[in-house]
Amino acid sequence: MRAFPQPPAGGTRIARSACRTMESSDREHQLSETVRDQAHTLSLLKATINATADGLLVVDTQGRVAEYNARFLAMWRIPEELARSGLDARLLEFVLDQLETPEAFLERVRELYDDPERESLDVVRFRDGRVLERYSMPQRLGSRIVGRVWSFRDVTERETLLRRATFFADAARLLATLDLEGALAGVARLSVPYLGDTCDVTLWSPDDRKKLVTAASYPDDTPPCHPNPHSLAGATTLYDASALSCLGVPLLVKGGVVGVMTFTATPPRRLGAKEQEVAEELARRTALSVENAKLYRGARKALDARDELLSIAAHEIRGPITSMHLAVQSLRRGLLSGPTTSRVLDIIEREDRRLSRFVDELLDLGRARAGSLGLKLEEVDLRVIVEGVVARHATEIGKSGSPIRIIGDAKCIGRWDGFRLDQLVTNLLSNALKFGRGKPIEISVVARGEQVVLAVADQGIGIAPEERERIWKPFERAVSPRHYGGLGLGLYIVRTIAEGLHGSVMVASELGRGTTFTVFLPRRSSA
Amino acid sequence: MMNRARVMLIDDDDDIREIAMLVLEAAGYDVVTATDGIDALEKLDTADEPAVIVLDWMMPRMDGEQFLETLHAGPNASVPVIVLTGHAGTGRASDLGAAEIITKPPELSDLLDAVGRYATPAEHAPA
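Residues numbered from 1 in each chain as written. Chains lettered and ligands numbered in written order. Predicted model: local features only at pLDDT ≥ 70, side-chain atom pairs only at ≥ 80, totals over all residues. Heavy atoms only, no water.

## Some words on the overall build of chain A
No. 1: Of regular secondary structure, chain A possesses 14 helices and 17 strands.
No. 2: Counted over contacts in chain A with a minimum sequence separation of 6, partners at least 24 positions apart contribute 58%.
No. 3: Within the structure as shown, chain A displays about 28,600 Å² of accessible surface, and the carbon and sulfur contribution to it stands at 55%. (Helix = DSSP H or I, 4+ residues; strand = E, 2+ residues; numbered from the N terminus. Contact = heavy atoms within 4.5 Å. Areas by Shrake-Rupley, 256 points an atom, 1.4 Å probe, with all protein chains shown as cover.)

Below, the structure is given as structure tokens:
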């Protein structure tokens, strides 16, 4: 502070006047300096406000805009004229449409205006993906609050990385389950509103696109989704449909499309490269989860099949052992004598063969799976083989009650493996006897040029359409093993032999009316 | 009740049925056989009630479990049943009121003793 000169005590009038003049001049000078200082300060403040990377807004206690900077207008896309109007309420009204959650935003603003002392720090999310950090504090003049300062910082990049990391962490948690339906529903829910306003996940069977495995969508009332054809073909696609901005991302497992994730957004929101990048990664992780669930189900099924095989094998072995056990003990105790002894010995012999056949079947399974049935080609008459099989099974045929008729050509010569062909006919005949309900069975052997057709037709229980693929797989059967014994390998071995001889086999069936198995064999197999 | 020599034998395995029938007949019983639960129920309807039933557990059409349930709901509910099974589900047979459970393959003496507890062979039957 500068000191003013004091007039000498007891001085003259002139001297006192001179002193007053000097005093006035100094005051003017001081005032001028103060004004200059204030202008400088104001200029410094304006420059600082406009140079900062943050958007700044000051609103007085009456809701009038006291100050703002260009960055604030740019961040909120507010026209200069609107800002100049000076009313905070009009600015608020203008920006609401841009926000992800306008209601929550307004609520927060009201809370802060209602509580002038309060400071606050939070984030504001825009529908276009931008994120602003919002800091607010009271403006004070001395101890009095005269307004509120709002500061906005663009933290989109930081938030994008953070949100993406959080999103994928949540997705990983949801997908780390074997409950595929639950996982997909969770992923659909998680994706909204981050990747769109709706999310639909559709999953098909890898073998048949018409067979829907599961579907999930969020919100729940999302209309059924028709995946984009390009996405179905395996390409991520951004497209418009009925005024919606859409994104289709294929779910790829081992290069095949097993499903599609479809995201939609309602205008003014448009889906773009950012959503695409995240959605593709999400789809990759989802597909991996689908694959894992499938592998688990396969492993579980294989374990169940193994357990069932062991159970059936135990049953199949216990049958003949029971007969032989009772037979041997009854002979040893002399309980049976005379003609019954011969019947008991027959039983022992039959059971011995039954066990041998069972062991052969198990061994054939191993060979068939290894692709090494070891076919020995020779000139064979299929008709002779069929007649031989029928003759050998006279007892079983008699017990089944099914009369057998052989029709077709008297000779059907080809170059095949006689032993395996015998096995093929035996399995088909056994099958027909087992499921033929005692009704007539017809076996036809017909030569058609270079091909021979063998058909075994029963009039038994038939096979349901949904079971017709399954019956060819090992350990599968169309009926419960509790009710029909056997390992369930018969038809698997039939197909393996037919294909090993470069032929094929097909089934035609009607539930309750019967089944026909038809085998097509080239006369000269090069197997 | 040891008052009759008739034994009903239910098993889908032809050879087990045949050897068990031969053995039981040789031991003095009158044996009637059935290939599954349905066959057995039909025969129970038309023939005299047996003193005891020897029942296999795993069978086509109607298995041992279904047969026991049906039997105990009908007029022949009091006939004792000996379940002959290689199947692990013997707990269920016990729950359903099987008189005895014999595991396959059975000892001949066990089978004859079990049947003998409920039926008297002809040679020992009172005149």
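## Considerations on the sheet that holds strand 9 (residues 244-253) of chain A
The strands making up a sheet are joined through hydrogen bonds of the backbone, oriented either antiparallel or parallel.
Residue and element names in this part refer to chain A.
No. 1: The five strands are arranged 7-6-10-9-8 in an open sheet whose pairing can be described as antiparallel. In this open sheet, the two edge strands, each paired with only one partner strand, are strand 7 (212-218) and strand 8 (237-241). Going from strand to strand, the sheet's axes swing by 20° on average, the running direction of each strand aside.
No. 2: Where strand 6 (residues 198-204) meets strand 7, six bridges bridge the pair, whose relative direction is antiparallel. Directly across from W204, in strand 7, lies its bridge partner L212.
No. 3: The sheet contacts of helix 7 (residues 180-191) involve strand 6, strand 7 and strand 10 (256-265), and relative to strand 7 the element is tilted by about 30°.
No. 4: Across the sheet, helix 9 (residues 273-332) is in contact with strand 6, strand 8, strand 9 and strand 10; its angle to strand 9 comes to roughly 35°. (Pairing = 2+ DSSP bridges. Axes fitted to C-alpha atoms, helices over the stretch in contact; angles between N-to-C directions.)

## What to know about the pairing of strand 1 (residues 55-60) of chain A
All names here are of chain A.
No. 1: Counting buried residues in strand 1 gives five out of six residues, a clear majority hidden from the surface.
No. 2: Bridge analysis of strand 1 against strand 2 (residues 65-68) gives three bridges, and the strand direction is antiparallel. By the bridge assignment for strand 2, V59 is matched with V65.
No. 3: Hairpin remark: strand 1 followed by strand 2, antiparallel, with four residues in the connecting loop; positive phi at G63, about 80°. (Buried < 20%, exposed > 50% of the residue type's maximum accessible area, 1.4 Å probe, protein only.)

## Points about the interface of chain B and chain A
No. 1: With 28 residues of chain B at the interface, the matching set in chain A holds 26 residues.
No. 2: A combined buried area of about 2,600 Å² lies between chain B and chain A, and 58% of that area is made up of carbon and sulfur atoms.
No. 3: On inspection of chain B and its partner chain A, the count reaches six salt bridges.
No. 4: With a shortest N-O distance of 2.5 Å, D13 of chain B and R354 of chain A are connected by a salt bridge.
No. 5: The interface formed by chain B and chain A contains nine residue pairs in polar contact (both at pLDDT 80 or more). (Buried area = accessible area lost by both parts, 1.4 Å probe. Salt bridge = Lys/Arg side-chain N within 4 Å of Asp/Glu carboxyl O. Polar contact = N/O pair within 3.5 Å; in protein donor to acceptor, adjacent residues only side chain to side chain.)

## Notes on the sheet that holds strand 3 (residues 120-125) of chain A
Residue and element names in this part refer to chain A.
No. 1: Ordered in space as 2-1-5-4-3, the five strands form an open sheet in which the pairing is antiparallel. Looking at which strands have only one partner, the edges of the open sheet turn out to be strand 2 and strand 3. The mean angle between the axes of side-by-side strands here comes to 25°, regardless of whether they run parallel or antiparallel.
No. 2: Taken together, the six bridges between strand 3 and strand 4 (residues 131-141) define a ladder with antiparallel strand orientation. Bridging from a neighbouring strand, V124 pairs with L132 of strand 4.

## Looking at the packing of helix 4 (residues 88-95) of chain A against helix 5 (residues 102-114) of chain A
All names here are of chain A.
No. 1: With their axes 11 Å apart at the nearest point, helix 4 and helix 5 run at an angle of 160° to one another. On the basis of their axis angle, the class for helix 4 and helix 5 is roughly antiparallel. Seen along the crossing, helix 4 lies across helix 5 with a hand that is right-handed. Along the contact surface, helix 4 presents D88, L92 and V95, while helix 5 presents F105, L106, V109 and Y113.
No. 2: When grouped by side-chain class, the residues that make up the contact of helix 4 with helix 5 number six nonpolar, no polar and one charged. (Parallel < 35°, antiparallel > 145°, perpendicular 65-115°, else oblique. Left-handed = near helix turned anticlockwise from the far one by under 90°. Nonpolar A, V, L, I, M, F, W, Y, C, P; charged D, E, K, R; others polar.)

## Digging into the confidence of the model for chain B
No. 1: With 91% of its residues at a pLDDT of 70 or more, chain B shows a mean pLDDT of 87.
No. 2: Note on the complex model: pTM 0.55, ipTM 0.90. (pLDDT = per-residue confidence, 0-100.)

## Brief notes about the nonpolar core
Residues and elements named next belong to chain A.
No. 1: If you look at the biggest cluster of nonpolar residues, it comprises 41 residues, and the most contacted ones within it are L382, L424, L428 and L454.
No. 2: Listed by contribution, the elements that provide at least two residues to this core are helix 10 (339-370), helix 11 (382-392), helix 13 (418-435), strand 14 (441-448), strand 15 (451-457), helix 14 (490-500), strand 16 (504-510) and strand 17 (514-522).
No. 3: A per-element tally of this core places helix 13 first, with seven residues.
No. 4: For L424, the contacting residues outside a window of four places in its chain are L454, V494, I497, A498 and V519.
No. 5: Counting residues in each nonpolar core, the second largest holds 32 residues, with F168, L184, V201 and A283 among its members. (Core = buried A, V, L, I, M, F, W, Y, C linked by side-chain atoms within 4.5 Å.)

## Overview of helix 7 of chain A
Two residues of an α-helix separated by three or four positions point the same way, owing to the 3.6 residues in each turn.
All names here are of chain A.
No. 1: Here helix 7 contains twelve residues, and its C-alpha end-to-end distance of 16 Å stays within 8% of the 16 Å for a straight helix at 1.5 Å per residue.
No. 2: Along helix 7, the residues classified as buried are L180, A183, L184, G186, V187, A188 and S191.
No. 3: Looking at the buried side of helix 7, the elements it contacts are helix 6 (156-175), strand 6, strand 7, strand 10 and helix 9. (Expected span 1.5 Å × (residues − 1).)

## As for the confidence of the model for chain A
No. 1: With 92% of its residues at a pLDDT of 70 or more, chain A shows a mean pLDDT of 87.
No. 2: Contacts for the low-pLDDT stretch residues 1-5 of chain A, under 50 throughout, to residues beyond four places or in other chains number eight contacts.

## Points about the environment of W57 of chain B
No. 1: Note on placement: W57 of chain B falls in the loop between strand 3 (52-56) and helix 3 (64-72).
No. 2: Considered as a pair, W57 of chain B and D12 of chain B are 45 residues apart in the sequence and their alpha carbons are 9.5 Å apart.

## Thoughts on helix 4 of chain A
All names here are of chain A.
No. 1: Looking only at helix 4, the buried set comprises D88, L91, L92 and V95. Down the axis of helix 4, the buried side of the element spans an arc of 100°, and every buried residue falls inside it. Turned more than 90 degrees away from the buried face of helix 4, the exposed residues are A89 and E93. (Arc of directions from axis to C-beta.)

## Some words on unusual backbone geometry
No. 1: Of note, the amide linkage connecting V192 of chain A to P193 of chain A takes the cis form, showing an omega dihedral of 5°.
No. 2: Along the chain, P193 of chain A turns up in the loop between helix 7 and strand 6.
No. 3: Following K104 of chain B, the chain continues to P105 of chain B via a peptide bond in cis, the omega torsion being -10°.
No. 4: Structurally, the position occupied by P105 of chain B is in the loop between strand 5 (100-103) and helix 5 (108-116).
No. 5: The phi torsion at R77 of chain A lies on the positive side, around 55°, for a residue other than glycine.
No. 6: Position of R77 of chain A relative to the elements: it lies in the loop between helix 2 (70-76) and helix 3 (80-84).

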